Amino acid sequence: SEGMYGIDLYIVDTDYLGKGFGTAMLAQFMRKIIADQQAMGKPITQIIVDPEIENVAAIKTYLNLGFVIDHQLDDFFWGKQYI
């Protein structure tokens, strides 16, 4: 849908977990998406993430950045996720 963007963020090296890198990268990425779309005159209505329910660290990061849990999805391939 117009104005809706989905994003994913992966940090593979566990040495970088819990140090704020994901939060900083995601915040910067969101600022970039918003600025680029505004410059083109396109509205942003939603930015969507879909972490696995067990990924507590990711969910905490998303909530700290202003995301809200809308609903739960039970995907055959990916398992239980929050949207």
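Each remark here, short or long, concerns the structure printed above.
Predicted, not measured: the structure shown is a model, and the values here were computed from it. (Residues numbered from 1 in each chain as written. Predicted model: local features only at pLDDT ≥ 70, side-chain atom pairs only at ≥ 80, totals over all residues. Heavy atoms only, no water.)

*Asks:* Is there a simple way to think about the nonpolar core in this case?
*Replies:* Across soluble globular proteins, you tend to see nonpolar side chains buried next to one another. Counting residues in hydrophobic clusters, the biggest one holds nine residues: Ile-7, Leu-26, Met-30, Ile-33, Ile-47, Val-49, Ala-58, Tyr-62 and Phe-67. Listing elements by their share of this core, those giving two or more residues are α1 (21-39) and α2 (56-64). Top element by residues in this core is α1. It accounts for three residues. Among residues more than four places away in sequence, those in contact with Ile-47 are Tyr-5, Ile-7, Met-30, Ile-34 and Phe-67. (Core = buried A, V, L, I, M, F, W, Y, C linked by side-chain atoms within 4.5 Å. Buried < 20%, exposed > 50% of the residue type's maximum accessible area, 1.4 Å probe, protein only. Helix = DSSP H or I, 4+ residues; strand = E, 2+ residues; numbered from the N terminus. Contact = heavy atoms within 4.5 Å.)

*Asks:* How should I be thinking about a nonpolar patch on the surface in this particular structure?
*Replies:* Judged by side-chain polarity, Tyr-10, Val-12, Phe-76, Phe-77 and Trp-78 come together as a nonpolar surface patch covering roughly 800 Å² of accessible area. Relative to the helices and strands, Trp-78 resides in the loop between β3 (72-75) and β4 (79-82). Residue Trp-78 is classed as partly exposed on the basis of its relative accessible area of 49%. (Patch = residues over 30% accessible without salt bridge, like charges linked within 9 Å, V, L, I, M, F, W, Y side chains within 5 Å. Areas by Shrake-Rupley, 256 points an atom, 1.4 Å probe, with all protein chains shown as cover. Salt bridge = Lys/Arg side-chain N within 4 Å of Asp/Glu carboxyl O.)

*Asks:* Can you walk me through α2 in this structure?
*Replies:* Three or four residues apart is the spacing at which side chains of an α-helix point the same way, because the helix has 3.6 residues per turn. For α2, the set of buried residues is Ala-58, Ile-59, Thr-61 and Tyr-62. Mapping the buried residues of α2 onto a view down its axis gives an arc of 160°, with all of them on the same face. Exposed and facing more than 90 degrees away from the buried side of α2 are Val-56, Ala-57, Lys-60 and Asn-64. In the core, the buried residues of α2 are packed alongside α1 and β4. Just beyond α2, the residue with positive phi is Gly-66, at close to 105°. (Arc of directions from axis to C-beta.)

*Asks:* So what exactly am I meant to see when it comes to the packing of aromatic side chains here?
*Replies:* Here a ring pair, both rings aromatic, is described through the centre-centre distance and the interplanar angle of the planes. Applying the stated rule across the entire model yields three aromatic pairs. When the ring of Tyr-62 is compared with that of Phe-67, the centres are 5.5 Å apart and the planes differ by 65°; the resulting orientation is edge-to-face. Each ring, one from Phe-77 and one from Trp-78, has its centre 4.9 Å from the other, and the planes form 90°; the classification is edge-to-face. On the accessibility criterion, Phe-77 (64% relative accessible area) is exposed. (Phe/Tyr/Trp six-rings, centres within 6.5 Å; stacked < 30°, edge-to-face > 60°.)

*Asks:* What's the story with the environment of Gly-41 in this structure? I'm lost.
*Replies:* Relative to the assigned elements, Gly-41 resides in the loop between α1 and β2 (46-48). Look at Gly-41 and you get exposed, because its relative accessible area is 63%. Spatially, the C-alpha atoms of Gly-41 and Ile-83 are 26 Å apart, while their sequence positions differ by 42 residues.

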